[in-house]
Amino acid sequence: MTALDPRLNAYRPDVADIGLKGLAPGVHFVEPRRMQVIEMLASVRKAPSIDAMQLTQALMGETARVFEVANGWAWVQLERDGYVGYVSAYALSVDIISPTHCISVPSTFLYPKPNLKAQPAVVITLNSLVTVVGAQDSFSQLSDGRFIYSDHLKPVGTWAADFVSVAEMFRYVPYYWGGKSVHGLDCSGLVQLALEASGISARRDSDMQEETLGEPLLVNDLSGL
């Protein structure tokens, strides 16, 4: 049996995704339920503990397949890139609202009123997903009642023209293992964010990106020169 990558396949010795039945060992195969990320940034960890290694981050509006919830932690597989890990159960909601727009700038704010001075303002970052239900002046009203500056949004399915230009917006952002935002990111997180903003799906880790992105180049044989 070919070994399955546990980063992209939800299986443990005691439980596994029902879709892997016959492919992965598991005492109990489960049917996942879909849930949605409601925190601005949710750490995806290697183990169900606050001090466990952060593997990646899930952005607001993303959906996940949830296989288990125990002791305040959910064992999930993110639907955007297929990554498996543990997320705080409090970062997820069973109520899934279809997004209409995506954050198109490195960072912006959600306000309780359509006013730049309104508090509390909550930070939200590039590629996060929101649902617009109305507009007021230069603001868009979201399904949760908050407001966001409309120029910082783009409709879902509208892409940046150049992923290099997107990546350049993250100059001087500190390195942060597993990070995926302007507040901190790692090398593969930067690649993934920039490509996704341009409509190109990308795996999360560098080895995955090396295997799945781009096209091989043909190099001319110059040995006779």
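Scroll up to find the structure this text is about.
Note that the structure is a prediction, hence the values are computed from the model and not measured.

Q: Would you mind going over the sheet that holds strand β17 (residues 153-155) with me for this structure?
A: Across a sheet, paired strands are connected by hydrogen bonds in the backbone, their directions being either parallel or antiparallel. Pairing in this open sheet of three strands is antiparallel, and the strands run β13-β10-β17 from one edge to the other. The open sheet has two edge strands with one neighbour each: β13 (129-130) and β17. Pairing between strand β10 (residues 101-103) and β17: three bridges, direction antiparallel. Bridge pairing links His 101 to Pro 155 in β17.

Q: Looking at this structure, how should I read the layout of surface pockets?
A: Summary: where empty space remains is shown by rolling a probe the size of a single water molecule over the atoms. Roughly 360 Å³ of volume is contained in the largest pocket. For the lining of the largest pocket, the residue count by class is six nonpolar, seven polar and five charged.

Q: Where do I start with the packing of aromatic side chains in this structure?
A: Geometrically, a pair of aromatic rings is defined through the distance of the ring centres and the angle of the planes. Counted according to the given criterion, the structure contains five aromatic pairs. Aromatic pair Phe 109 and Tyr 111: ring centres 6.1 Å apart, planes at 45°, arrangement tilted. Looking at Phe 109, the relative accessible area reads 34%, which means it is partly exposed. One aromatic cluster is present, formed by Phe 109, Tyr 111, Phe 139 and Tyr 149 through successive ring pairs. Above the ring of Trp 75, the side-chain terminus of Arg 12 is found at 4.4 Å from the ring centroid.

Q: It is not clear to me how helix α2 (residues 187-197) should be interpreted in this structure. Could you clarify?
A: Residues three or four positions apart in an α-helix share a direction because the helix packs 3.6 residues into each turn. Within α2, eight of the 11 residues are buried, which leaves the element mostly enclosed by the surrounding structure. Considered for burial, the residues of α2 that qualify are Ser 188, Gly 189, Gln 192, Leu 193, Ala 194, Leu 195, Glu 196 and Ala 197. Immediately downstream of α2, the backbone of Gly 199 shows phi near 85°, a positive value.

Here is what the cut-offs are and how they apply
Residues numbered from 1 in each chain as written. Predicted model: local features only at pLDDT ≥ 70, side-chain atom pairs only at ≥ 80, totals over all residues. Heavy atoms only, no water. Pairing = 2+ DSSP bridges. Helix = DSSP H or I, 4+ residues; strand = E, 2+ residues; numbered from the N terminus. 1 Å grid on protein atoms, 1.4 Å probe; cavity = no way out; pocket = protein on both sides within 12 Å on 5 of 7 lines; lining within 4 Å. Points joined across faces, edges and corners; volume = space filled by probe spheres on them. Nonpolar A, V, L, I, M, F, W, Y, C, P; charged D, E, K, R; others polar. Phe/Tyr/Trp six-rings, centres within 6.5 Å; stacked < 30°, edge-to-face > 60°. Buried < 20%, exposed > 50% of the residue type's maximum accessible area, 1.4 Å probe, protein only. Lys NZ or Arg CZ within 6 Å of the ring centre and 35° of its normal.

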